[in-house]
Amino acid sequence: MSRIVLNDITTLFAPRGKGARSKRVADRALAMADAGETREAIFTATGATLALRNVSLAIAPGQITAIMGLSGSGKSTLIRHLNRLISPSRGQVLWDGADILSFSEKQLQDWRRHHVSMVFQGFGLLPHRNVLDNVAFGCRLRGDKPADCLSAARHWLDRVGLASHAQSYPDELSGGMRQRVGLARALAVDTEVLLMDEAFSALDPLIRHELQDQLLELQASLNKTIVLVTHDVDEALRLGQEIVLLRDGEIVQHGAPAELVQHPVDDYTRRFVQQRQVVVTG
Ligand SMILES: Nc1ncnc2c1ncn2[C@@H]1O[C@H](COP(=O)(O)OP(=O)(O)OP(=O)(O)O)[C@@H](O)[C@H]1O
């Protein structure tokens, strides 16, 4: 059963402003969204961007879910709801049935440290700490014993093929190596859920491919719940066991890769998956 569920999420980014005015704008934009107005119409009338509209999604446990869609379709906004980096204007984000939007700051911090980690596109490494300390960082932050964190860090550095670079600093590594460090750091925290926002996008195609293979190899034994955002249809189809296709903030289709390829629900989905080069069977 899914531990993490988005329940009818609608998210607006209102123009900067204060108090009553800002609330009036948000209410008007929500009313327009409910009336089925387009994003453009809502933006023109209110200045608010409708990033997600009525998104409901149960994340498959122990599998890789790939969120794909064009630029601006709402992918990053969606994944950031899963660890409450962004809160919706309306709707619920449930963890084992409890709404994480009602968590206190302390509960939220504890929950993130124990259950959900994130790998970013920009690597997010600490420049003044060596690779080993960077990998151990999330585990240390959680308050685990330093020796345990270092031992986990060594283990994961070894698994991503960077054991010999433990004492290097981030600026001494290539982009691909830095992303491996980011991945090792997320794995060293050993959370059940791993969020990856365009984690491989900045890398050149060959290295990207290599890292995708590495992720698949690791996942074969880890069986983590992984949610990854990508605008690259090949990456989504290679890695995802479940694919969620977004358009203009709405889920157009959600299913297994073969389902999207063989039974696209509309022309948009068909055109999207037709760009692929990978072979999808099943
Ligand atoms: N902080 C923000 N303030 C205002 N608008 C925002 C903010 N973040 C995102 N948006 C808008 O919300 C919409 C969805 O953005 P989002 O970043 O989720 O899309 P995306 O699919 O991840 O795009 P990309 O692939 O280009 O990163 C876009 O129209 C974007 O301009």
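Residues numbered from 1 in each chain as written. Predicted model: local features only at pLDDT ≥ 70, side-chain atom pairs only at ≥ 80, totals over all residues. Heavy atoms only, no water.

Peer 1: What should I look at first to understand the site of the ligand in this one?
Peer 2: Every residue near the ligand is listed here: F13, R39, T49, A51, L70, S71, G72, S73, G74, K75, S76 and T77. In the environment of the ligand, an oxygen atom lies 3.0 Å from a nitrogen or oxygen atom belonging to the backbone of G74. Between T77 and the ligand, the recorded distance is 2.5 Å, taken from a side-chain N or O atom to an oxygen atom. Among the elements that make up the shell around the ligand, the one with the highest residue count is helix α3 (residues 75–81) (three residues). Residue composition of the shell around the ligand, by class: three nonpolar, seven polar and two charged. (Near = heavy atom within 4 Å. Polar contact = N/O pair within 3.5 Å; in protein donor to acceptor, adjacent residues only side chain to side chain. Helix = DSSP H or I, 4+ residues; strand = E, 2+ residues; numbered from the N terminus. Nonpolar A, V, L, I, M, F, W, Y, C, P; charged D, E, K, R; others polar.)

Peer 1: Help me out: how do you make sense of the environment of H81 in this one?
Peer 2: Mapped onto the fold, H81 is located in helix α3. Along the chain, H81 and V55 lie 26 residues apart, while their C-alpha atoms are 11 Å from each other. Contact partners of H81, with chain neighbours within four places excluded, come to L6, I9, T11, L52, I86, S87, P88, V93 and I100. (Contact = heavy atoms within 4.5 Å.)

Peer 1: I would appreciate a short explanation of the sheet that holds strand β1 (residues 4–13) in the present structure.
Peer 2: Through backbone hydrogen bonds, the strands of a sheet pair up, either in parallel or in antiparallel fashion. Taken together, the four strands give an open sheet; going across it, the order is β2-β1-β4-β5, and neighbouring strands pair in antiparallel fashion. Single-partner strands in this sheet number two, and they are β2 (49–58) and β5 (98–99). Along the sheet, helix α1 (residues 19–34) makes contact with β1, β2 and β4 (90–95), crossing β1 at roughly 120°. (Pairing = 2+ DSSP bridges. Axes fitted to C-alpha atoms, helices over the stretch in contact; angles between N-to-C directions.)

Peer 1: How should I be thinking about α1 in this particular structure?
Peer 2: Three or four residues apart is the spacing at which side chains of an α-helix point the same way, because the helix has 3.6 residues per turn. Between its first and last C-alpha atoms α1 spans 23 Å; for 16 residues at 1.5 Å apiece the expected length is 22 Å, and the two agree. Residues of α1 that are buried include every one of V25, A29, L30, M32 and A33, and no others. With its buried residues spanning 160° around the axis, α1 presents them on a single face. The exposed residues of α1 that point more than 90 degrees off its buried face are G19, A20, K23 and R24. Where α1 is buried, its residues contact β1, α2 (39–46), β2 and β4. Just downstream of α1 lies G36, where phi reads positive at about 85°. (Expected span 1.5 Å × (residues − 1). Buried < 20%, exposed > 50% of the residue type's maximum accessible area, 1.4 Å probe, protein only. Arc of directions from axis to C-beta.)

Peer 1: When you look at the sheet that holds strand β10 (residues 250–255) in this model, what are you seeing that I'm missing?
Peer 2: Judged by pairing direction, the sheet is mixed, and its six strands sit side by side in the order β6-β7-β8-β3-β9-β10 without closing on themselves. Of all the strands in the sheet, the pair left with one neighbour each is β6 (116–119) and β10. The sheet shows a mean angle of 20° between the axes of neighbouring strands, direction not considered. Contacts from helix α7 (residues 175–189) reach β6 and β7 (193–197), with the element oriented near 180° to β6.

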